[in-house]
Amino acid sequence: YYYVQKVIDGDTIELRKLGRVRLIGIDTPESRHNSKLTRDAKRTGKDEDTIIAMGKRATKFTKGLAESKKIRLEFDVEKKDRYGRWLAYIYLPDERMLNAEIVKEGFGRVYTFPPNLKHTDLFLKLQEEARENNKGLWKER
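It should be emphasised that the depicted structure is a prediction, and the values quoted were computed from it without experimental measurement. (Residues numbered from 1 in each chain as written. Predicted model: local features only at pLDDT ≥ 70, side-chain atom pairs only at ≥ 80, totals over all residues. Heavy atoms only, no water.)

## Remarks on the sheet that holds strand β1 (residues 2-9)
With respect to topology, five strands assemble into a closed barrel ordered β1-β2-β3-β6-β5, the strand pairing being mixed. Averaged over neighbouring strand pairs, the angle between their axes works out to 55° when direction is ignored. With two bridges joining them, β1 and strand β5 (residues 70-74) adopt antiparallel strand pairing. Considered in β5, the bridge of Y2 is made with I71. In the packing of helix α2 (residues 48-66) onto the sheet, contacts are made with β1 and β2 (12-15), and the angle to β1 comes to roughly 170°. (Pairing = 2+ DSSP bridges. Helix = DSSP H or I, 4+ residues; strand = E, 2+ residues; numbered from the N terminus. Axes fitted to C-alpha atoms, helices over the stretch in contact; angles between N-to-C directions. Contact = heavy atoms within 4.5 Å.)

## Observations concerning the side chain of E30
With respect to the helices, strands and loops of the structure, E30 is situated in the loop between β4 (26-27) and α1 (35-44). Setting aside chain neighbours within four positions, we find E30 in contact with K36, L37, D40, I51, I52 and G55.

## A short note on the confidence of the model for the protein
Confidence in the prediction for the protein averages 91 pLDDT; 99% of positions are at 70 or higher. Confidence, read as mean pLDDT per element, is least for α1 in the protein (80) and greatest for β2 (98). (pLDDT = per-residue confidence, 0-100.)

## Digging into the layout of surface pockets
What the largest pocket holds in volume is close to 740 Å³. The wall of the largest pocket is formed by 28 residues, among which R22, D81, R82, Y83 and R85 lie closest to the centre. Of all the secondary structure elements, the ones that give two or more residues to the lining of the largest pocket are β1, β3 (19-23), β4 and α1. Here the lining of the largest pocket is built from residues that sort into nine nonpolar, six polar and 13 charged. In this structure, the second largest pocket encloses a volume near 240 Å³. Lining the second largest pocket are 13 residues, with D27, K36, D40, R43 and R109 positioned closest to its centre. Broken down by secondary-structure element, the contributors of at least two residues to the lining of the second largest pocket are α1, α2 and β7 (109-110). Looking at the lining of the second largest pocket element by element, the count peaks at four residues for α1. Classifying every residue of the lining of the second largest pocket by side-chain character gives five nonpolar, two polar and six charged. (1 Å grid on protein atoms, 1.4 Å probe; cavity = no way out; pocket = protein on both sides within 12 Å on 5 of 7 lines; lining within 4 Å. Points joined across faces, edges and corners; volume = space filled by probe spheres on them. Nonpolar A, V, L, I, M, F, W, Y, C, P; charged D, E, K, R; others polar.)

Listed below in structure tokens is the structure:
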């Protein structure tokens with residue numbers, strides 16, 4: 001078990017004694033100006049301010065679920081990303097998967113970057129349900 005020291009953004013957290021962890025299989029909007037924000041704006045057709053607002057909502061949601069909590073990690077094939085962050089599925093104290101909860105409530109999108117695809121089918125199902133129910137980010141169509 002690890003202790004969540006800080007939520008960096010919607011899909012990245014800082015764990016005491018381990019460092020930064022990137023949630024596998026999901027992607028949340030950027031909450032600050034950077035090159036990924038510019039790419040996402042072009043790809044989605046949304047302006048950068050809208051994406052940042054959505055990213056801040058995703059971060060707030062993740063903080064509410066995980067910050068200052070004791071969590072359990074599950075790794076997939078790749079252990080770290082190119083930025084040195086651990087890649088994991090995170091389980092909250094009540095055993096709900098944080099990655100899935102973010103997608104379920106519409107605060108993240110499914111990110112299918114092989115070989116970490118263990119829960120992709122679940123994430124895709126949850127994303128479709130969130131979209132159909134206009135939850136989270138899907139309110140901003």
